[in-house]
Amino acid sequence: MDSKIEELSDEHQAWQALLNHLAAMNMIHWATDSGKPKPDRFYFAVICGAEVVGHLTIRKQAILVPASALTQNVDIPLTAADGEPLSEVFVETFAVNPDHRRCGYGRALQERALIKAELLGCCQMRSWSSADRVENYALKISMGFSVLPALYPMPGGSAISGVYFVKRIEQAK
Ligand SMILES: CC(C)(COP(=O)(O)OP(=O)(O)OC[C@H]1O[C@@H](n2cnc3c(N)ncnc32)[C@H](O)[C@@H]1OP(=O)(O)O)[C@@H](O)C(=O)NCCC(=O)NCCS
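Below, the structure is looked at part by part. (Residues numbered from 1 in each chain as written. Predicted model: local features only at pLDDT ≥ 70, side-chain atom pairs only at ≥ 80, totals over all residues. Heavy atoms only, no water.)

When its secondary structure is counted, the chain shows 4 helices and 11 strands. Against the 2.2 N^0.38 benchmark of 16 Å for 173 residues, the chain shows a C-alpha radius of gyration of 17 Å, consistent with a compact globule. By residue count, 40% of the 173 residues in the chain fall in the buried class. Once local pairs closer than 6 in sequence are excluded, the contacts in the chain between residues at least 24 apart make up 65%. Charge centroids of the chain, computed over 17 positive and 19 negative side chains, lie 3 Å from each other. (Helix = DSSP H or I, 4+ residues; strand = E, 2+ residues; numbered from the N terminus. Rg over C-alpha atoms; globule rule 2.2 N^0.38 Å. Buried < 20%, exposed > 50% of the residue type's maximum accessible area, 1.4 Å probe, protein only. Contact = heavy atoms within 4.5 Å. Lys, Arg positive; Asp, Glu negative; His and termini not counted. Charge placed at Lys NZ, Arg CZ, Asp CG, Glu CD.)

This brings us to the side chain of threonine 57. With respect to the helices and strands, the residue threonine 57 is situated in strand E5 (residues 51-62). Among the residues examined, threonine 57 registers a relative accessible area of 1% and is labelled buried. At a separation of 2.8 Å, a polar atom in the side chain of threonine 57 contacts the side chain of threonine 93. Setting aside residues up to four positions removed in sequence, threonine 57 forms contacts with Ala31, Phe42, Tyr43, Phe90, Val91, Glu92 and Thr93. (Polar contact = N/O pair within 3.5 Å; in protein donor to acceptor, adjacent residues only side chain to side chain.)

Turning to the nonpolar core, a few remarks are in order. The tendency in soluble globular proteins is for nonpolar side chains to be buried as a group. Leu56, Ile58, Leu109 and Met125 are the most contacted members of the largest nonpolar core, which totals 25 residues. Mapped onto this core, the elements with two or more residues apiece are strand E4 (41-48), E5, strand E8 (87-96), helix H3 (105-119), helix H4 (134-142) and strand E11 (159-168). Per-element tally for this core: the top contributor is H3, with 5 residues. Sequence-distant contacts of isoleucine 58, defined by excluding residues within four places in its chain, comprise Asp40, Arg41, Phe42, Phe44, Val89, Phe90, Val91, Glu92, Ala113 and Lys116. Counting 15 residues, the second largest nonpolar core, distinct from the first, contains Ala17, Leu19, Leu22 and Met27. (Core = buried A, V, L, I, M, F, W, Y, C linked by side-chain atoms within 4.5 Å.)

Once that is clear, we can look at the pattern of salt bridges. With the rule as written, the count across this model stands at 7 salt bridges. With a shortest N-O distance of 3.6 Å, lysine 36 and aspartate 10 are connected by a salt bridge. Taken together, the residues lysine 36 in strand E3 (residues 36-37) and aspartate 10 in the loop between strand E1 (3-8) and helix H1 (15-24) connect sequence positions 26 residues apart. A salt bridge links arginine 59 to glutamate 92; the shortest N-O distance between them is 2.4 Å. On the criterion of sequence distance, the pair formed by arginine 59 in strand E5 and glutamate 92 in strand E8 is long-range, its members being 33 residues apart. What emerges from the salt-bridge pattern is a single network uniting Arg41, Arg59 and Glu92. (Salt bridge = Lys/Arg side-chain N within 4 Å of Asp/Glu carboxyl O.)

A word on the site of the ligand. Taken together, the neighbourhood of the ligand is formed by 17 residues, with Phe94, Val96, Arg102, Gly106 and Arg107 sitting nearest. Valine 96 places a main-chain nitrogen or oxygen 2.9 Å from an oxygen atom of the ligand. Measuring from an oxygen atom of the ligand, one finds a backbone N or O atom of glycine 106 at 2.8 Å. For the ligand, the protein covers 76% of the area, taking 920 Å² as the surface of the free molecule. Looking at the shell around the ligand, the elements that each hand over two or more residues are E8, H3 and H4. Split by residue class, the shell around the ligand holds 7 nonpolar, 5 polar and 5 charged. (Near = heavy atom within 4 Å. Areas by Shrake-Rupley, 256 points an atom, 1.4 Å probe, with all protein chains shown as cover. Nonpolar A, V, L, I, M, F, W, Y, C, P; charged D, E, K, R; others polar.)

For H4, the complete set of buried residues consists of Asn136, Tyr137, Leu139 and Lys140. Across the axial projection of H4, the buried residues extend over an arc of 165°, all falling on one side. Relative to its buried face, H4 has exposed residues pointing more than 90 degrees away, namely Val134, Glu135 and Ile141. Following H4 by one or two positions, glycine 144 adopts a phi angle in the positive range, close to 85°. (Arc of directions from axis to C-beta.)

Quick look at the structure:
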């Protein structure tokens with residue numbers, strides 16, 4: 001069946017199909033506010049007939065040096081050499097239905113998000129992925145993402161093993 005990747009809003013006819021897919025992937029809570037788009041998010045979906053079989057959500061954010069006593073407990077916006085504040089795209093959720101994996105949809109979604117990041121004027125795309133996401137690790141490494149091993153702090157003080165993946169984006173002059 002023909003498939004296509006589209007950027008969706010909640011006015012798109014495939015929005016409900018995206019919600020169905022997000023629910024099946026147990027990601028609807030992370031990706032939406034009770035089924036409505038979260039502010040400042042961008043949603044991409046793989047549409048196959050009437051079904052959404054994969055998705056990726058991103059948000060644009062400033063790159064901040066985290067607060068500590070050294071910075072008087074305030075986050076410091078990172079800037080380019082000319083003083084311009086730097087921003088990035090952060091991937092919040094990303095999944096392909098199990099019966100549609102290894103067809104290239106995951107890679108195509110990542111490539112689409114990288115194009116969006118460039119259009120948004122961002123200098124990088126970043127995500128965090130827990131140590132059990134072996135397929136995602138294989139995909140990101142095959143696409144040339146840089147890897148930064150890091151514990152992710154959870155509410156309540158525990159931490160999860162994983163890595164940040166980062167891809168630099170060269171802005172067209
Ligand atoms: C990660 C995920 C989105 C990949 O989607 P996908 O559509 O199967 O990925 P692709 O078909 O585009 O794979 C691209 C490349 O990634 C690598 N890859 C993907 N799955 C792999 C696997 N199971 N084993 C080894 N390599 C794998 C391969 O290099 C593959 O290229 P190839 O098929 O030409 O060898 C999918 O496995 C998934 O939904 N996993 C569960 C959710 C998840 O982990 N989300 C990300 C973190 S929140």
